[in-house]
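# Coordinate inspection notes
Residue strings, one per chain:
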Amino acid sequence: MLRSIGPVNRFGRSFTSATATAATLAVTAMSLVASPAAAAPTDSPAAATTARPGDTCTAADLGTRKPYIKSTEVSPTITHFKGWFVTEGTTGNQVVTTSTQTVISVSVGVTGGLEGSFPVQTLTAAGATLGLSVKVDASSTSTESNAVTWNFNQPGYYGVYKGTKKVTGTYASLNCNRVQQSGGGWALKWIEGPGGGNFTTFTTVEEGAVRCQDSVPANSIMAKAQGLLDCGSPAAKAERPAGAVPPTAKQKRDRLAQRQAATGGKVAGQPKADGPGAKAGAPSAKADLSCGSELYRIVVPGKPLSWGAPHLRADSVRLRPSTIFSGNLDQWRLCNVTERNGVIEATLWNLGNQACATIPVQGAGADQAPLMMESPCREDDLQRFHIYRDVPGSSKIGVQNKYTGSMMGHDRYADGESIRQYSSGRQDGTGTYTLNRV
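Position of threonine 141 relative to the elements: it lies in the loop between α3 (117-130) and β5 (147-152). Engagement of the side chain of threonine 141 in a polar contact is seen with the backbone nitrogen of isoleucine 104, the distance being 2.9 Å. If we skip the residues at most four places from it in the chain, threonine 141 touches Thr79, His80, Thr102, Val103, Ile104, Thr164 and Phe202.

All chains considered together, the criterion is met by four aromatic pairs. When the ring of tryptophan 307 is compared with that of tryptophan 332, the centres are 6.4 Å apart and the planes differ by 85°; the resulting orientation is edge-to-face. Here tryptophan 307, found in strand β11 (residues 305-308), pairs with tryptophan 332, found in strand β13 (residues 332-340); they are 25 residues apart in sequence, far enough to count as distant. On the basis of relative accessibility, which here comes to 1%, the residue tryptophan 332 falls in the buried class. Taken together, Trp307, Trp332 and Tyr433 form an aromatic cluster joined through their ring pairs. Taking NZ or CZ as reference, arginine 178 lies 4.9 Å from the ring centre of tryptophan 186, over its face. Over the ring of tyrosine 413 we find lysine 303; its NZ or CZ atom is 4.6 Å from the centre of that ring.

Another point: the state of the cysteines. Here the structure, examined in full by the defined rule, presents three disulfides. In this model, cysteine 57 is linked to cysteine 176 through a disulfide, with the two sulfur atoms separated by 2.1 Å. Its S-S torsion of about 85° marks the bond between cysteine 57 and cysteine 176 as right-handed, since a negative value means left-handed. One end of the pair, cysteine 57, is in the loop between α2 (25-28) and β1 (65-86); the other, cysteine 176, is in strand β6 (residues 156-180), with 119 residues separating them in the sequence. No difference in accessibility class separates cysteine 57 from cysteine 176, as the two residues are buried. Each disulfide pairs two cysteine sulfurs, and for cysteine 291 the partner residue is cysteine 335, the sulfurs being separated by 1.9 Å.

Time to look at the nonpolar core. Counting residues in hydrophobic clusters, the biggest one holds 31 residues, and the most contacted among them are Trp307, Trp332, Leu334, Leu348, Leu371, Met408 and Ile419. Secondary structure elements with two or more residues in this core: β10 (296-299), β11, β13, β14 (343-350), β17 (385-389), β18 (396-401) and β21 (433-437). Leu114, Phe118, Leu123 and Val134 belong to the second largest nonpolar core, which has 15 residues in total.

Spanning 14 residues, α3 covers 20 Å between terminal C-alpha atoms, matching the ideal 20 Å at 1.5 Å per step. Every buried residue belonging to α3 is among Phe118, Pro119, Gln121, Thr122, Leu123, Ala125, Ala126 and Gly127, and all of these are buried. Just past α3, the residue glycine 131 takes up positive phi, approximately 70°.

On to the environment of cysteine 335, then. Within the secondary structure, cysteine 335 is located in strand β13. Here the alpha-carbon distance between cysteine 335 and aspartate 288, two residues 47 residues apart in the chain, equals 9.7 Å. Aside from chain neighbours lying at most four places away, what touches cysteine 335 is Leu289, Ser290, Cys291, Ala346, Thr347, Trp349, Glu379 and Arg384.

Mean pLDDT over the protein chain works out to 82, with 78% of the residues at or above the 70 mark. Note that residues 1-48 has pLDDT below 50 and, in this model, 117 contacts with residues that lie over four places away or in other chains. Ignoring residues within four places in sequence, the model shows residues 265-287, a span with pLDDT below 50, making 32 contacts including any to other chains.

Glancing now at the side chain of threonine 430. Inspection of the secondary structure assignment puts threonine 430 in the loop between β20 (420-422) and β21. Take threonine 430: its relative accessible area is 18%, and that puts it in the buried class. A polar atom in the side chain of threonine 430 sits 3.4 Å from the side chain of arginine 426. Separated by 2.6 Å, the side chains of threonine 430 and aspartate 428 make a polar contact.

Right, let's talk about the pattern of salt bridges for a bit. Throughout the structure, instances matching the rule amount to 15 salt bridges. The closest approach of N and O atoms between glutamate 207 and lysine 162, which form a salt bridge, is 3.8 Å. Taken together, the residues glutamate 207 in strand β8 (residues 206-211) and lysine 162 in strand β6 connect sequence positions 45 residues apart. You can call lysine 162 buried: its relative accessible area is 6%. Between aspartate 214 and arginine 211 there is a salt bridge, with the nearest N and O atoms lying 3.2 Å from each other. If you follow the salt bridges from partner to partner, you end up with Glu345, Asp381, Arg384 and Lys402 in one network.

As for its position among the elements, leucine 351 is in the loop between β14 and β15 (356-358). Among residues more than four places away in sequence, those in contact with leucine 351 are Leu295, Asn328, Gln331 and Arg333.

All right, on to unusual backbone geometry then. Cis peptide bonds are those with omega within 30 degrees of zero, and the linkage from serine 375 to proline 376 qualifies with 5°. Structurally, proline 376 is set in the loop between β16 (372-374) and β17. Unusually for a residue other than glycine, asparagine 328 sits at a positive phi of about 65°. In this fold, asparagine 328 is placed in the loop between β12 (318-321) and β13. Taking the relative accessible area as the measure of exposure, asparagine 328 reaches 35% and is therefore partly exposed. Located in the positive-phi region is asparagine 336, a residue other than glycine, with phi close to 45°.

Calculation rules
- Residues numbered from 1 in each chain as written.
- Predicted model: local features only at pLDDT ≥ 70, side-chain atom pairs only at ≥ 80, totals over all residues.
- Heavy atoms only, no water.
- Helix = DSSP H or I, 4+ residues; strand = E, 2+ residues; numbered from the N terminus.
- Polar contact = N/O pair within 3.5 Å; in protein donor to acceptor, adjacent residues only side chain to side chain.
- Contact = heavy atoms within 4.5 Å.
- Phe/Tyr/Trp six-rings, centres within 6.5 Å; stacked < 30°, edge-to-face > 60°.
- Buried < 20%, exposed > 50% of the residue type's maximum accessible area, 1.4 Å probe, protein only.
- Lys NZ or Arg CZ within 6 Å of the ring centre and 35° of its normal.
- Disulfide = S-S within 2.5 Å.
- Core = buried A, V, L, I, M, F, W, Y, C linked by side-chain atoms within 4.5 Å.
- Expected span 1.5 Å × (residues − 1).
- pLDDT = per-residue confidence, 0-100.
- Salt bridge = Lys/Arg side-chain N within 4 Å of Asp/Glu carboxyl O.

Here's what the structure looks like:
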């Protein structure tokens, strides 16, 4: 059931406020003007992919987000290895079948998926930060061939290897929002929003062979391979027949540790968390809502179409004209509204069908998943939305799902077009809407 649908005056007063001061921040936290701004969204692409906290953004960026690389680490890593002994008379070209030593998989965030443009932009930004060419697709070193063809021109004990530079780090999600300046005015700036995490990728895989006595650069891929040869042991110096050398105890331990790390130390068959919110557990449900009395339309700036909830729950929220036949499906209330660091968080409750906007839990991480309605309202994180605002005097906003981190937008301006989520938003500005009081 819904509760307290009556007025919540502190939100009503603040939404009609056109200016704010620090002394009245609590009142003006939700400042959006009652009349829509007339300007249409720009057709030009939003700001460049690279952005830093505090950089200037525009109203066209309200419905977008960008990655910001906070830290990186590059580790030369051996992915495939085989000890190989070459005797007199066995030199020349040989094909060596190596064993998997370490598996590196490309991943971004909790789920590790690369659905949508935001994860790809994150990896691209990481590579640009380091000046490296890194993998930006769903790939793994385990898919590389384990065969190495090498010309052994001298007898000796070799480590035949494949290796790469493993690139890891942390990233943040930047969103465009209004920020009050020291002089009291307002400006649109990129701020750090929700949706950060860790990433892993790797560079081009290299292959080669190295001996114990070879001089190699420190902390290089070749040096890592040389370290696996266990050069100081008597076994390394012993005479052997030509061909493969059994793995050392260290190599066996390293491979076991790698397998345990790949499975998270879990027993086979044990269920594994999944989904965009897996790290924090499944979204928790909350029974009741406290909604403001104000009704709003979420409108395409300067145009008549706005968000319209469906008559049938199995349908999605779509762009619809507001007419006498709309049946209040174009009217929304903001419920259980909070604000943190200048960003509003709210549940979107529809007057016409008495349900809440949500991203369906099945396929929640999929790019272009449609915005749906659900009743009863559970107000879990799939039903919670961050609202990014233009400066006071403008009612332009961007809308982001709290659980998936994706921005709301539409593919084209047309009656009946579904509202969908996009991992990095609509870069042409079509993810910017206006929140107009009815």
